[in-house]
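Understanding the architecture of this molecule
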Amino acid sequence: MVKLPSDQRLIIAAIGESGEGKSTLLNLLLNSPGENKTFFEVSEDPEACTLSPRSEDGLWRGDPNRPITVIDTPGLGSEEGPEQDVQEALDIVKILKKFGHIDAFVIVLKSGQSRWETC
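Computed from a prediction, not measured in an experiment: that's the story for all the values here.

1. Some points on the packing of aromatic side chains
Two aromatic rings, taken as a pair, are described by how far apart their centres are and by the angle between their planes. By the definition in use, this model includes 0 aromatic pairs. In this structure, Arg-66 packs its charged tip against the face of Trp-60, placed 5.9 Å from the ring centre.

Structure representation (structure tokens):
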């Protein structure tokens, strides 16, 4: 595990397709064990919940010595087509630039789905 100075805030951005669980993962990271607070909206429905990038400050799993900022992003690969993906990517870049740096990008994939296509 990486040891960070207690005053250093870790900045994490989640990226992936719509409905893969980015918001669910970030909610988990911001909650203390046993808590179930909702920082980012989630849904069982196939429609996307995250329509624009948004950040939230908190503590890694409730640890007061591990401050974090997490960034939830809209899903890429939308049914609206590549033009919508380009616009969402530009919106993501805008919010990322505000932070000056990102410590980690988490690519969220739904388990059990192969992303590799055969030729």
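2. Observations regarding the pattern of salt bridges
Applying the stated rule across the entire model yields 3 salt bridges. The partner of Glu-35 in a salt bridge is Lys-37, with the nearest N and O atoms 3.7 Å apart. Classification of Glu-35 as partly exposed rests on a relative accessible area of 36%. Arg-54 is the salt-bridge partner of Glu-56, the closest N and O atoms lying 3.1 Å from each other. Given the relative accessible area of 23%, Glu-56 is considered partly exposed.

3. Points about unusual backbone geometry
Of note, Arg-61 is a non-glycine position whose phi angle comes to about 50 degrees, a positive value. Turning to its location among the elements, Arg-61 is positioned in the loop between strand 2 (54–59) and strand 3 (67–72).

4. What about the sheet that holds strand 3?
Taken in spatial order, the 4 strands line up as 2-3-1-4 in an open sheet, and their pairing is mixed. Whereas interior strands pair on both sides, the edge strands pair on one side only; in this sheet they are strand 2 and strand 4 (104–108). Shown here is a sheet whose adjacent strand axes are inclined to one another by a mean of 25 degrees, direction ignored. Relative to strand 3, strand 1 (residues 10–16) runs parallel, the two sharing 5 bridges. When the bridges of strand 3 are listed, Ala-14 appears paired with Asp-72.

Cut-offs applied
Residues numbered from 1 in each chain as written. Predicted model: local features only at pLDDT ≥ 70, side-chain atom pairs only at ≥ 80, totals over all residues. Heavy atoms only, no water. Phe/Tyr/Trp six-rings, centres within 6.5 Å; stacked < 30°, edge-to-face > 60°. Lys NZ or Arg CZ within 6 Å of the ring centre and 35° of its normal. Salt bridge = Lys/Arg side-chain N within 4 Å of Asp/Glu carboxyl O. Buried < 20%, exposed > 50% of the residue type's maximum accessible area, 1.4 Å probe, protein only. Helix = DSSP H or I, 4+ residues; strand = E, 2+ residues; numbered from the N terminus. Pairing = 2+ DSSP bridges. Axes fitted to C-alpha atoms, helices over the stretch in contact; angles between N-to-C directions.

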